[in-house]
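For reference, the chains in residue letters:
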Amino acid sequence: MLKIIKYPSPVLRFANELVTVFDDELKELVDEMTIIMTNSRGVGLAAPQVGINKKIAIVNTDGKRYVLINPRIISAKGEQFGQEGCLSFPGIFENIKRAETVTVECYDETGEKQFYEVSGLTARAFQHEIDHLDGKLLIDNLSTIKRDIINRKIRKNSRGH
Ligand code: CO
């Protein structure tokens, strides 16, 4: 069974490969990621967060599961500012600026090309998960001061174990 990899594991920063084979193994991985995300009460999960450095992410908002394989943001509009968390940063929630609406081109788990235009929380989750696939993390969107505070907090907590 896969488990969630937490910051500062280097796996979260490794380059993620494009998916070229759409087989049963991929579908099983997407299903397993969905179970982990749901059990952890997340609204999104990217493959590097379970130790798989491939361009695969899932988002679950409003009871709909989006499978984002090799996703690309093709347009972004507006601005939203709100709280964001990450399963790789348990207990950390920060206000982060994102585009209000994004249009994303990707493939689903069957290899079919999809376009999604999403707004609000779904757009926030899409941008967060696509960042993961580029090795970019929640804290990269924060000021240096905030980032240092979080890094210190995480180091302190990990020494306690
Ligand atoms: Co995350």
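Look up a bit, the structure's there.
Just so it is clear, the structure is predicted and the values come from calculations on it, not from any experiment.

What counts and what doesn't
Residues numbered from 1 in each chain as written. Predicted model: local features only at pLDDT ≥ 70, side-chain atom pairs only at ≥ 80, totals over all residues. Heavy atoms only, no water. Donors = N, O, S within 2.8 Å, 3.2 Å for Na, K, Ca; no water. Helix = DSSP H or I, 4+ residues; strand = E, 2+ residues; numbered from the N terminus. Buried < 20%, exposed > 50% of the residue type's maximum accessible area, 1.4 Å probe, protein only. Phe/Tyr/Trp six-rings, centres within 6.5 Å; stacked < 30°, edge-to-face > 60°. Lys NZ or Arg CZ within 6 Å of the ring centre and 35° of its normal. Pairing = 2+ DSSP bridges. Axes fitted to C-alpha atoms, helices over the stretch in contact; angles between N-to-C directions. Contact = heavy atoms within 4.5 Å.

**Q** Can you explain the coordination of the cobalt ion? Please cite residues and give values.
**A** Protein-derived coordination of the cobalt ion comes from Cys86 (SG), His128 (NE2) and His132 (NE2), at a distance range of 2.0 to 2.2 Å. Ordering the donors of the cobalt ion by residue number gives the pattern C-x41-H-x3-H. Placement of the pair is His128 and His132 together in helix H2 (residues 120-133), with a separation of four residues, close to one helical turn. Relative accessible area serves as the criterion here: at 7%, His128 is assigned to the buried category. By relative accessible area, His132 is classed as buried at 1%.

**Q** Summarise the packing of aromatic side chains; cite the residues concerned and give the values.
**A** Using the criterion set out here, one finds five aromatic pairs in the structure. Centre to centre, the rings of Tyr66 and Phe126 are 5.0 Å apart; their planes meet at 80°, and the pair counts as edge-to-face. With Tyr66 in strand S3 (residues 64-77) and Phe126 in helix H2, this pair connects stretches of sequence that are 60 residues apart. Both residues of the pair, Tyr66 and Phe126, belong to the buried class. When the centroid spacing of 6.1 Å and the interplanar angle of 90° are considered together, the rings of Tyr116 and Phe126 count as edge-to-face. Linking Tyr116 in strand S7 (residues 113-119) with Phe126 in helix H2, this pair joins segments that are 10 residues apart in sequence. For Tyr116, a relative accessible area of 16% gives the class buried. Look at Phe126 and you get buried, because its relative accessible area is 0%. Clustering of aromatic rings is evident, with ring pairs tying together Tyr66, Tyr116 and Phe126. Positioned over the ring face of Tyr66 is Lys64, at 4.9 Å from the centre of the ring.

**Q** Which residues make up the sheet that holds strand S6 (residues 101-107), and what values go with them?
**A** Taken in spatial order, the five strands line up as S1-S2-S3-S6-S7 in an open sheet, and their pairing is antiparallel. Each end of this open sheet is capped by a strand with a single partner; those strands are strand S1 (44-46) and S7. For this sheet, the mean inter-axis angle between neighbouring strands, taken without regard to orientation, is 40°. Where S1 meets strand S2 (residues 56-61), three bridges bridge the pair, whose relative direction is antiparallel. In the sheet register, Ala46 faces S2, and the bridge partner there is Ala57. Taken strand by strand, helix H1 (residues 24-39) contacts S1, S2 and S3, and its axis lies near 45° from that of S2. Most of the contacts of H2 go to S2, to which it runs at about 160°, and overall it touches S1, S2, S3, S6 and S7.

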